[in-house]
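Listed here are the chains, written in short residue letters.
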Amino acid sequence: MMRYRLLPLLIGMALSGLAAAGSADPAASANAMEKMLLFGGDTAKEWSAAECTVEASRDRVKATLTALRWSIPVDHTTGEPNYPVGWPRFGRTIPEGPLRDWRGWDYLHFWVYTETSRDTLPREPASLGLHVPDRARRWSRSLAELKKGEWVEVKIPLSQIPDHHDVRFIQFNIAESNYNHGDRVDFYIDDLALLRYARPTLLEFAAESGVIFADTRQLPVRFRMAGVKPGETATVTCELRGNRGVVARETAKVEHGAQRLVLDLGTKGLAPGTYILSARTSDGAPVTARVRVVESPWR
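With respect to the overall build of the protein
Line of reasoning, step 1. For the protein, the count of helices and strands is one helix and 20 strands.
Line of reasoning, step 2. When contacts within the protein are restricted to residue pairs at least 6 apart in sequence, long-range pairs at least 24 apart make up 72% of them.
Line of reasoning, step 3. Of the accessible surface of the protein, which amounts to about 15200 Å², a share of 47% is contributed by carbon and sulfur atoms.

Structural notes on the nonpolar core
Line of reasoning, step 1. Counting residues in hydrophobic clusters, the biggest one holds 42 residues, and the most contacted among them are Trp70, Leu108, Phe110, Phe172 and Phe187.
Line of reasoning, step 2. If you list the elements that add at least two residues to this core, you get strand 2 (32-39), strand 5 (67-73), strand 7 (107-116), strand 8 (127-131), strand 10 (151-157), strand 11 (169-173) and strand 12 (184-197).
Line of reasoning, step 3. By residue number, the principal contributor to this core is strand 12, which donates five residues.
Line of reasoning, step 4. Excluding anything up to four places from it in sequence, phenylalanine 172 contacts Trp47, Trp70, Pro88, Arg89, Phe90, Phe110, Ser127, Leu128, Leu143 and Ile189.

Things to note about the sheet that holds strand 11
Line of reasoning, step 1. Read across the sheet, five strands follow the order 3-6-11-8-9 without closing on themselves; strand pairing throughout is antiparallel. For this open sheet the edge positions go to strand 3 (48-50) and strand 9 (138-142), each flanked by a neighbour on one side alone. The sheet shows a mean angle of 15° between the axes of neighbouring strands, taken without regard to direction.
Line of reasoning, step 2. Bridging between strand 8 and strand 9 involves five bridges; their strand directions are antiparallel. Bridged to glycine 129 within strand 9 is serine 140.

A short note on the environment of arginine 199
Line of reasoning, step 1. You can see arginine 199 is positioned in the loop between strand 12 and strand 13 (201-207).
Line of reasoning, step 2. Only 2.4 Å separates the side chain of arginine 199 from the backbone oxygen of aspartate 283, close enough to count as a polar contact.

Structural notes on the pairing of strand 12
Line of reasoning, step 1. With respect to burial, strand 12 is a largely interior element, 13 of its 14 residues being buried.
Line of reasoning, step 2. Two strands pair when backbone bridges link them, and strand 2 and strand 12 are joined in this way by six bridges, in the antiparallel orientation. Bridging across to strand 12, glutamate 34 finds its partner in arginine 196.
Line of reasoning, step 3. As paired elements, strand 5 and strand 12 share six bridges and run antiparallel to each other. Across the sheet, proline 73 pairs through a bridge with arginine 184, a residue of strand 12.
Line of reasoning, step 4. As defined by bridge partners, strand 7 adjoins strand 12 across nine bridges and the pair is classed as antiparallel.

What counts as what
- Residues numbered from 1 in each chain as written.
- Predicted model: local features only at pLDDT ≥ 70, side-chain atom pairs only at ≥ 80, totals over all residues.
- Heavy atoms only, no water.
- Helix = DSSP H or I, 4+ residues; strand = E, 2+ residues; numbered from the N terminus.
- Contact = heavy atoms within 4.5 Å.
- Areas by Shrake-Rupley, 256 points an atom, 1.4 Å probe, with all protein chains shown as cover.
- Core = buried A, V, L, I, M, F, W, Y, C linked by side-chain atoms within 4.5 Å.
- Buried < 20%, exposed > 50% of the residue type's maximum accessible area, 1.4 Å probe, protein only.
- Pairing = 2+ DSSP bridges.
- Axes fitted to C-alpha atoms, helices over the stretch in contact; angles between N-to-C directions.
- Polar contact = N/O pair within 3.5 Å; in protein donor to acceptor, adjacent residues only side chain to side chain.

These figures capture arrangement, not role.
Below, the structure is given as structure tokens:
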């Protein structure tokens, strides 16, 4: 039977979505995360491989005792009969139960170390694929960030993966057409796991429009709520503040995932200028974004 476990983890975060929105990193002061290990190196025999091999290895590890070593001798002549330049790959079915349901988590995470006979890796050295839940609804992502001779962390927001409540198959592959005949490449995959914030955390926070007219009556705000477990909610308070203080405030209970909250700006309108939009959970640090109010052509 497949084992799974929750592990506490403290890591520093740098969330580009928040930076783009002009927000402070909410994880800077509260960065505790939880982890559920999916498949360690000791599961190597449970994976199926084509045109390659996969084995447990302790030669290179990053965060656990054993990694998955995926070895590929690139051969443009001996692939499948109709596709001699093929797709070396290894994958496995995800058993029924909690390992398939990723709704309560925030990221798919793993480390990859790459060894190769090449001087440099191709632009797309490998790819990850998921069946959510079947091959007809396959989700895939290039692992273009991998580097020769380095450990690279791959951390994919689960908001990017549709239907991640039912993930039934996971696979890694390369396209031999990206490599030269005779190339050798070995990938060490370690710490394949799901991560989530241990406490409610606001991500990707911003107004739907960063510039509004002075007579605008409503301001829609979007954010992603992380760190809220299935069946639970978190209280979020959102405010719009100008030179004279708070001009709008709204409080709501939200679940995990994408959220939309609408601030009522009243009927009197706002004075032109720059306003600070902020949101916070009941026990978290605020995140902020700027909103510029301009004269209305209808006033």
